[in-house]
Amino acid sequence: MEFSYEVKGSYAEVKADGRLNMVSAPKLREFVTDVIAGGSSRIVVNLEKTAFMDSSGLGALIGCLKAARQAGGDLRIAAVQPQVNMVLKLTSMDKVLTAYPTAEAAFSND
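Described below are features of the structure shown in this document. Here, residues in each chain are numbered from 1, in the same order as that chain's written sequence. Whole-chain, interface and lining totals are the exception, using all residues; otherwise, since this is a predicted model, local features are given only for residues with pLDDT of at least 70 and side-chain atom pairs are given and counted only at 80 or more. Think of the side-chain values as coming from all heavy atoms in the structure, minus any hydrogens and water.

## Focus on the environment of isoleucine 36
Counting from the N terminus, the helices are the DSSP runs of H or I reaching at least four residues and the strands are the DSSP runs of E reaching at least two. Residue position: isoleucine 36 is located in helix α1 (residues 25–37). Relative accessible area serves as the criterion here: at 16%, isoleucine 36 is assigned to the buried category. For isoleucine 36 and glycine 73, which are 37 residues apart along the polypeptide, the C-alpha to C-alpha distance reads 9.1 Å. When near neighbours in sequence (up to four residues on either side) are disregarded, isoleucine 36 contacts Ile43, Ala67, Ala68 and Ala71. Exposure is judged per residue with a 1.4 Å probe applied to protein chains only, and the accessible area is read against the type maximum: over 50% gives exposed, under 20% gives buried, and values in between give partly exposed. By definition, residues are in contact when any of their heavy atoms lie within 4.5 Å.

Here it is, written out as structure tokens:
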């Protein structure tokens, strides 16, 4: 899995490309922690190119959400693919991690 980020005004967009599973989940946590340490606590994880997520990936997103909130910010997700959306709904995490259609829409009303 590949990660990249770009600061866009008041938030940072983290792009995740690949499968978010037990192998890549720790990498996501580390990547987002580094983005937060760099001064961006408002983060959108763009999942447009993430077609698969397992429970490890979900745990990583929740951990990243917690880290962002502890830093005084928030974490939101965008462009969620069908399988990832199914995992969110089956675990009721769609109520905690609200999905937005695009990264731009995630913080547009704040």
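## Concerning the pairing of strand β1 (residues 2–8)
Relative to strand β2 (residues 11–20), β1 is paired through seven bridges, and the arrangement is antiparallel. In the sheet register, tyrosine 5 faces β2, and the bridge partner there is valine 14. When DSSP finds two or more bridges between two strands, those strands count as paired. The antiparallel pairing of β1 with β2 creates a hairpin that spans two residues between the two strands, and glycine 9 there sits at a positive phi of about 70°.

## Focus on the sheet that holds strand β5 (residues 99–100)
Taking strand neighbours across the sheet as the criterion, the five strands line up as β1-β2-β3-β4-β5 in an open arrangement whose pairing is mixed. Whereas interior strands pair on both sides, the edge strands pair on one side only; in this sheet they are β1 and β5. Inspection of the sheet shows strand β4 (residues 74–78) paired to β5 by two bridges, in the parallel sense. Counted as the bridge partner of alanine 78 is tyrosine 100 from β5. In the packing of helix α2 (residues 55–70) onto the sheet, the strands contacted are β2, β3 (42–53) and β4, and the crossing angle to β4 comes to about 140°. Helix axes are fitted only over the stretch in contact, all axes being lines through C-alpha atoms; the angle between N-to-C directions runs from 0 to 180 degrees.

## Thoughts on α1
To estimate the expected span of a helix, count its residues, drop one, and scale the result by 1.5 Å. Over its 13 residues, α1 runs 18 Å from end to end, which matches the ideal 18 Å to within 8%, given 1.5 Å per residue. Regarding α1, the residues found buried are Ala25, Leu28, Val32, Val35 and Ile36. Looking down the long axis of α1, one finds its buried residues gathered within 100° of arc, a one-sided arrangement. In α1, those exposed residues whose orientation departs by more than 90 degrees from the buried face are Glu30, Asp34 and Ala37. Looking at the buried residues of α1, the elements they touch are β1, β2, β3, α2 and β4. Residue glycine 39 follows α1 closely and has a positive phi angle near 110°. Directions are taken from the helix axis to each C-beta atom, and the arc is the one they span.

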